[in-house]
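# Results of the structural survey
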Amino acid sequence: MLCNLTDYESAARRRLPKAVFDVIAGGAGDEVTLARNRAAFADLSLRPRALADVNARQLSSTVLGMPVSMPVMLDPCGYARMAHRDAELAVARAAAQAGTIYALSTISSVPLEIVAGATDAPKWFQLYPPADRDECSRLIERAQVAGFRALCVTIDGALAGLRERDKRNRLTVPLKLGPRLLLEGASRPRWAVDFLRGGAGRGDQGFGAMARPQLLRNAGAAIAATARAITAEEIEFIRQRWRGPLIVKGLQRGDECELLLSLGIDGIVVSNHGGRQLDGVRASIETLPEVVEAVAGRAEVFLDGGVRRGTDVFKALALGARAVLVGRPYLYGLAVAGEDGVRQVLEMLRFELDQTMALAGCARISDIDHSHVEVQRTGQAKPGASAADPTPRSRDRHHGLESV
Ligand SMILES: Cc1cc2nc3c(=O)[nH]c(=O)nc-3n(C[C@H](O)[C@H](O)[C@H](O)COP(=O)(O)O)c2cc1C
């Protein structure tokens, strides 16, 4: 029975060949950060209010001026075709139905124009900026013309992380139907049929959002080309070209916010790439307060990494995130039941967030403040706000919190 997001992960494990499941589930190195992203949520305890009227609740919010039915969005994840042949189209449709935003990856398996046209819902485009400036400008222009509402530049990809699961599985992108995958596919017939019906077995895995058409035939090289350092000067270049909200994804320090803000960014995703890049860094939820404090309301701050429960969403909002994004959970939903699976994952998070709000005494998203969480590690509780200050803070106000 699929009762929660962990059940979707287990179901996806049963459905996908090991090599494919490992691409999604794995992290870098010893996967310390991957585990920490989850554990750090458990270190935060909730502090519910009792005497609030929560009989009617509202989960809707806005993100950079775009309405969302709940503050949960879908992260950019390449390789979606590996999970299901409907790939990014299914994700975009499910996001639209759920009334939330999908950030399409540069390494989408479906051309960005097709995903953009699939629904009317606002979407973000995630950019791995091509090194060639003309190419970069052309890709930005394509995203602009296609109607993406915001551009999200990933800044934590100087190199691909150390993904030892992929190495052990001898994974190639695009997936090649070698003896190993054929053997695994035989025990995963539903996936194998879906994969072959999608044309993916012929190496046609799309990667159509890529800037360089000649690289479409070589998705592996195309993905490798995305791994490079992004400098402040490059963000400036992108800022001059993109007409709309600009977001950076992958920030892990408060002391870099001032520079980013001076470059004119509108949003920051606190992210360690789901523990897939540098292993040994803090959990995103541990970094969030320092970024929120440094930004001091001058941009919107988002978080991803390890969000698996409505209570996790609630905790991130309490620590100052405007909204969260999820990555692996929707890929698991996609693997299990395509578009429906992604929708079910989103509805599960909605249900759990609503329940958390009711039980914590919050009728609206703006009622969630840092007094609702405390850090509980080695038995020492550190309240997020003093009991003498029961006033819920405004979502936009600066609210420093000592490092968690
Ligand atoms: C299979 C996979 C592919 C990903 N591809 C991208 C990508 O193309 N661009 C990007 O910025 N982040 C990418 N990410 C990272 C996610 O956007 C996100 O930061 C991470 O998955 C969040 O952690 P979570 O999976 O615990 O929710 C990818 C993650 C996974 C699992």
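Residues numbered from 1 in each chain as written. Predicted model: local features only at pLDDT ≥ 70, side-chain atom pairs only at ≥ 80, totals over all residues.

## Considering the overall build of the chain
The number of helices and strands found in the chain is 16 helices and 13 strands. Taking all 404 residues of the chain together, the buried fraction comes to 52%. Contacts in the chain between residues far apart in sequence, at least 24 positions, make up 73% of those at least 6 positions apart. (Helix = DSSP H or I, 4+ residues; strand = E, 2+ residues; numbered from the N terminus. Buried ≥ 20, exposed ≤ 12 C-beta atoms within 10 Å, placed from the backbone. Contact = placed C-beta atoms within 7 Å.)

## Looking at helix H5 (residues 87–98)
The periodicity of an α-helix, 3.6 residues per turn, causes residues three or four positions apart to be oriented the same way. Taking 1.5 Å of rise per residue, 12 residues should cover 16 Å, and H5 covers 17 Å from first to last C-alpha, within 8% of that figure. Among the 12 residues of H5, 10 are classified as buried, and the element is accordingly described as predominantly covered. Where H5 is buried, its residues meet strand E4 (72–74), helix H4 (80–83), strand E5 (102–104), helix H6 (112–118), strand E6 (123–127) and helix H16 (328–360). Immediately downstream of H5, the backbone of Gly 99 shows phi near 75°, a positive value. (Expected span 1.5 Å × (residues − 1).)

## As for the site of the ligand
Within the structure, the ligand sits among 25 residues, and Asp 75, Gly 78, Ser 105, Gly 274 and Gly 327 are positioned closest to it. Secondary structure elements with two or more residues in the shell around the ligand: helix H2 (18–25) and H16. A per-class count over the shell around the ligand returns 9 nonpolar, 11 polar and 5 charged. (Near = placed C-beta within 6 Å. Nonpolar A, V, L, I, M, F, W, Y, C, P; charged D, E, K, R; others polar.)

## Brief notes about the packing of helix H1 (residues 5–15) against H16
Where H1 meets H16, the closest approach of the two axes is 10 Å, and the angle between their N-to-C directions is 170°. When the axis of H1 is compared with that of H16, the two are roughly antiparallel. Between H1 and H16, the contacting residues are Leu 5, Tyr 8, Glu 9, Ala 11, Ala 12 and Arg 15 on the first element and Pro 329, Tyr 332, Gly 333, Ala 335, Val 336, Val 345 and Met 348 on the second. Its residues assigned to classes, the contact of H1 with H16 shows 10 nonpolar, 1 polar and 2 charged. (Axes fitted to C-alpha atoms, helices over the stretch in contact; angles between N-to-C directions. Parallel < 35°, antiparallel > 145°, perpendicular 65-115°, else oblique.)

## A few points about the pairing of strand E9 (residues 267–270)
Here E9 shows no split at all, with Gly 267 and Val 269 on one side and Ile 268 and Val 270 on the other all buried. Bridging between strand E8 (residues 246–251) and E9 involves 4 bridges; their strand directions are parallel. Bridge pairing links Lys 249 to Val 269 in E9. Following the backbone out of E8, through helix H13 (residues 257–262) and into the adjacent parallel E9, one traces a crossover that is right-handed. Between E9 and its parallel partner strand E10 (residues 300–304), the chain crosses via helix H14 (residues 284–295), and the hand of that crossover is right-handed. (Pairing = 2+ DSSP bridges. Right-handed = clockwise from strand over helix to strand, strands pointing away.)

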